[in-house]
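# Tertiary structure, described
The residues making up each chain are set out below.
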Amino acid sequence: MADKRRLVIPLMPYLVLIAGLVMIFSSALIYATFQDMSRVAAGVAAVGTMVVAIAFFMRPEMIDELVRNRKTLLWINDIVLILLIIAIGVVLAHIGFRRNVRYDFTRNQMFTLSDQTRKIVSQLEKEVKVTAFFPAGSTEEQMVKELLQEYRRISGKLQFSFVDPYRDPMTVKAMNVAAPGTTIVQCEMSRKDLMANDVFERPSPYASPDTKPKFKGEQALTTALITVTSGIKKRISFVNGHGEATTSGFNGRDVAGLNELLIRENYDVDEVNLLESDISFETNLLVIIAPQRDFLDTELEKIRTFIKGRSGHLLVALDPLSETGNLEKFLLHDFGVLANHDVVIDPRGIQRQYWTVAPVLTNHPALSPIIESNLVCIMFHCRSLTAEGREGFTPVTYLETIENSWAKRNLKAGDEISLEYEEGKDARGPLKLAIAIEGTRNATASRILVFGDADFAGNAYISFGGNKDLIINSINWMLGQEKMISIRPKTVEIPEIVLDDAAANQIFTFCVIVSPLMIVFLGGLVFLLRRRM
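The structure presented is a predicted model; accordingly, all values stated were derived computationally and were not measured. (Residues numbered from 1 in each chain as written. Predicted model: local features only at pLDDT ≥ 70, side-chain atom pairs only at ≥ 80, totals over all residues. Heavy atoms only, no water.)

## Considerations on the overall build of the protein chain
Assigned secondary structure in the protein chain consists of 15 helices and 22 strands. Evaluated residue by residue, the protein chain yields a buried proportion of 40% over its 533 residues. Within the protein chain, contacts between residues separated by at least 24 positions form 72% of all contacts whose residues are at least 6 apart in sequence. (Helix = DSSP H or I, 4+ residues; strand = E, 2+ residues; numbered from the N terminus. Buried < 20%, exposed > 50% of the residue type's maximum accessible area, 1.4 Å probe, protein only. Contact = heavy atoms within 4.5 Å.)

In structure tokens, the structure reads:
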């Protein structure tokens, strides 16, 4: 009769072996995860190796059992395959982390930073620290944190931290924080405080019900970075006293919107009346937008001294049919720019108005980002310009019309404009709408920019298409701020979801009733099919 007694194999050596292998594997994880704990990892590996040796010492036959047992070999094969799959996953994750491709699927590309922000953050030369005071877990904290993480991806010189103002009142007091929702940007001794309403624009109680809250985080934070890292501010002076567009007016032709943008770009902005005072020695750029009355010779002499004597810069935007003969003669005599007495017609009929022109942007450093982004600029009631050139100044075409446009010439106030081209009377395109002039006498020579339209920079049109970037990039170029020539940060509307009772009931029915029943139905169907097979 055969002996059916089973061979009893002691379990303890195998448990000791498994414990040793686990320790060796744990040491590898410690070394890979915590680089500063290499000694601890080495110690755990050494102990694990000793435990494995003790297991084989307790049962020497275990080597033969592990190597020759078919079941053991299958287990080893499975373990090796699992480790290979894990290794492949780790390698792919490492490659994805080092060479990742990311895409922003949010509406309006909420977390895609503008070109200007990328350029400014990537060129940070000093350490910048951002401290945000938001309640932990709030929506505002999450939005600001995700934005700062995008900044952090571009430059390691920007560090940020969050403080809950209700849980850490000592830090609030130490940093002199006025209210929750404050974000502090610091660089060396410079500090800029952003209040909650600088980052989040909430609708007024008297606003339209359709008005949505807006997130202005990128706009505010990029401006703060410029402020704390740029050092000395440059001053821009707007000339008044001749019916020009004013920096404090909110009519369509005024430039309060432009004034706000320039302040965000870290410029000092003021106004100057040339009859009452001289141009300040702190002024770097003089701006004349939409003058309605002419200049006196004494005023023009001050401008001439500012440009030729102090290497100042001048930006002029003229409307058609304006009574500014002396100013136009000054531009022609000193810089070779002739402002023609005409109105440009664009046959494309933009916005169903033939005197609304979409200018062609030339290959100029200030215009390249706008061209690359395919933004369309709009000018309204334009006059054409002609460049003749003068000694010491080199003119280049800045903006022009399409080829099949034309200009109605020799017009006077009150004349009716025929939209048809009149041979021998009108001027065929392409026509110059803006001319940039650079001085050639020294490295810090003046830059002059003359536009044949002023409306594009006014409150009514500055937010249209690329107008905002056109005027700001032009000013940055004139002042030598090439690193700031880019596309401006955007303001993002925060979507709101409002559910009525019917929509809420539909969501409840689908999620709580229909979905579980579908799972039960499919499971039962699979069970029945398997029973039939």
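## Structural notes on the pairing of strand S12 (residues 342–345)
Here S12 shows no split at all, with Asp342 and Val344 on one side and Val343 and Ile345 on the other all buried. With 4 bridges joining them, S12 and strand S18 (residues 406–409) adopt antiparallel strand pairing. Counted as the bridge partner of isoleucine 345 is tryptophan 406 from S18. (Pairing = 2+ DSSP bridges.)

## Quick word on empty space enclosed by the protein
In the structure shown here, the tally under the stated rule is 4 cavities of 30 Å³ or more. The volume enclosed by the second largest cavity comes to roughly 50 Å³. In terms of lining, the second largest cavity is formed by Val144, Leu147, Leu148, Thr183, Leu194, Val199, Gly217 and Leu221. The set of elements that each furnish at least two residues to the lining of the second largest cavity consists of helix H6 (139–154) and helix H9 (217–230). (1 Å grid on protein atoms, 1.4 Å probe; cavity = no way out; pocket = protein on both sides within 12 Å on 5 of 7 lines; lining within 4 Å. Points joined across faces, edges and corners; volume = space filled by probe spheres on them.)

## With respect to the pairing of strand S3 (residues 183–187)
Of all the 5 residues making up S3, 4 are buried; the element is thus mostly covered by neighbouring parts of the structure. Two strands pair when backbone bridges link them, and strand S1 (residues 128–133) and S3 are joined in this way by 4 bridges, in the antiparallel orientation. Paired with valine 130 across the two strands is valine 185, which belongs to S3. Counting the residues between successive antiparallel strands, the hairpin from S3 to strand S4 (residues 190–194) contains 2 residues, one of them, glutamate 188, with a positive phi of roughly 55 degrees.

## Notes on the confidence of the model for the protein chain
Should the pLDDT be low somewhere, the predicted coordinates at that spot are not to be read in detail. Averaged over every residue, the pLDDT of the protein chain is 84; residues scoring 70 or more account for 86%. Mean pLDDT values over the elements of the protein chain span from 60, in strand S22 (residues 492–493), up to 96, in strand S10 (residues 313–317). (pLDDT = per-residue confidence, 0-100.)

## Observations regarding the side chain of histidine 313
Tracing the chain through its elements places histidine 313 in strand S10. Within the local environment of histidine 313, its side chain forms a polar contact with the backbone nitrogen of arginine 447, the two atoms lying 3.0 Å apart. (Polar contact = N/O pair within 3.5 Å; in protein donor to acceptor, adjacent residues only side chain to side chain.)

## Considering the sheet that holds S4
Here we have 4 strands laid out as an open sheet, ordered S2-S1-S3-S4, and mixed in their pairing. Strands with a single pairing partner mark the edges of an open sheet, and in this sheet they are strand S2 (158–163) and S4. Averaged over neighbouring strand pairs, the angle between their axes works out to 15 degrees when direction is ignored. Those strands touched by H6 are S1 and S2, and its axis lies near 165 degrees from that of S2. (Axes fitted to C-alpha atoms, helices over the stretch in contact; angles between N-to-C directions.)

## Considerations on the pattern of salt bridges
Counted according to the given criterion, the structure contains 17 salt bridges. With a closest N to O distance of 3.5 Å, arginine 167 and aspartate 164 form a salt bridge. The exposure class assigned to aspartate 164 is buried, which follows from its relative accessible area of 13%. A salt bridge links aspartate 346 to arginine 348; the nearest nitrogen and oxygen atoms lie 2.7 Å apart. (Salt bridge = Lys/Arg side-chain N within 4 Å of Asp/Glu carboxyl O.)

## Things to note about a nonpolar patch on the surface
On the surface, Phe508, Phe510, Val512, Ile513, Val514, Leu517, Met518, Phe521, Leu522, Leu525 and Leu529 cluster together into a nonpolar patch covering about 1,100 Å² of accessible area. Note that leucine 525 resides in helix H15 (residues 501–532). The exposure class of leucine 525 is partly exposed, given its relative accessible area of 38%. (Patch = residues over 30% accessible without salt bridge, like charges linked within 9 Å, V, L, I, M, F, W, Y side chains within 5 Å. Areas by Shrake-Rupley, 256 points an atom, 1.4 Å probe, with all protein chains shown as cover.)

## A few points about the sheet that holds S18
Strand order in the open sheet formed by 3 strands is S12-S18-S19, with antiparallel pairing between adjacent strands. At either end of the open sheet lies a strand with only one pairing partner, and these are S12 and strand S19 (427–428).

## Digging into unusual backbone geometry
For the bond running from glycine 429 to proline 430, omega is 0 degrees, close enough to zero to count as cis. Relative to the elements of secondary structure, proline 430 occurs in the loop between S19 and strand S20 (432–439). Positive phi, close to 55 degrees, is recorded for serine 311, a residue that is not glycine. With a phi close to 60 degrees, histidine 381 is a non-glycine residue in the positive phi region. As for its placement among the helices and strands, histidine 381 is situated in the loop between strand S15 (379–380) and strand S16 (385–387).

## Topic: the packing of H6 against H9
Contact pair H6 / H9: the axes reach a minimum separation of 10 Å and the direction vectors enclose 50 degrees. As judged from the angle between their axes, H6 and H9 are oblique. When the axes of H6 and H9 are compared, the crossing they make is right-handed. Counted together, Leu147, Leu148 and Tyr151 of H6 and Gly217, Glu218, Leu221, Thr222 and Leu225 of H9 form the full contact between these two elements. (Parallel < 35°, antiparallel > 145°, perpendicular 65-115°, else oblique. Left-handed = near helix turned anticlockwise from the far one by under 90°.)

## Considering helix H10 (residues 256–264)
Every buried residue of H10 is accounted for by Ala256, Leu258, Asn259, Leu261 and Leu262. Summarising the contacts, the buried residues of H10 are in contact with strand S7 (234–240), strand S8 (267–273), strand S9 (283–289) and helix H14 (467–478). Remark: asparagine 266 follows H10 within two positions and exhibits a positive phi of approximately 75 degrees.

## What to know about the packing of aromatic side chains
Tallied over the entire structure, the rule returns 9 aromatic pairs. For the pair phenylalanine 380 and tyrosine 461, a centre-to-centre distance of 5.3 Å together with 20 degrees between the ring planes defines the contact as stacked. Linking phenylalanine 380 in strand S15 with tyrosine 461 in the loop between strand S21 (447–451) and H14, this pair joins segments that are 81 residues apart in sequence. No difference in accessibility class separates phenylalanine 380 from tyrosine 461, as the two residues are buried. For the pair tryptophan 406 and tyrosine 421, a centre-to-centre distance of 6.0 Å together with 70 degrees between the ring planes defines the contact as edge-to-face. Linking tryptophan 406 in strand S18 with tyrosine 421 in the loop between S18 and S19, this pair joins segments that are 15 residues apart in sequence. Note on tyrosine 421: relative accessible area 21%, which makes it partly exposed. Through a chain of ring-to-ring contacts, the aromatic side chains of Phe134, Phe200 and Phe215 assemble into a single cluster. Above the ring of phenylalanine 281, the side-chain terminus of arginine 310 is found at 4.4 Å from the ring centroid. (Phe/Tyr/Trp six-rings, centres within 6.5 Å; stacked < 30°, edge-to-face > 60°. Lys NZ or Arg CZ within 6 Å of the ring centre and 35° of its normal.)

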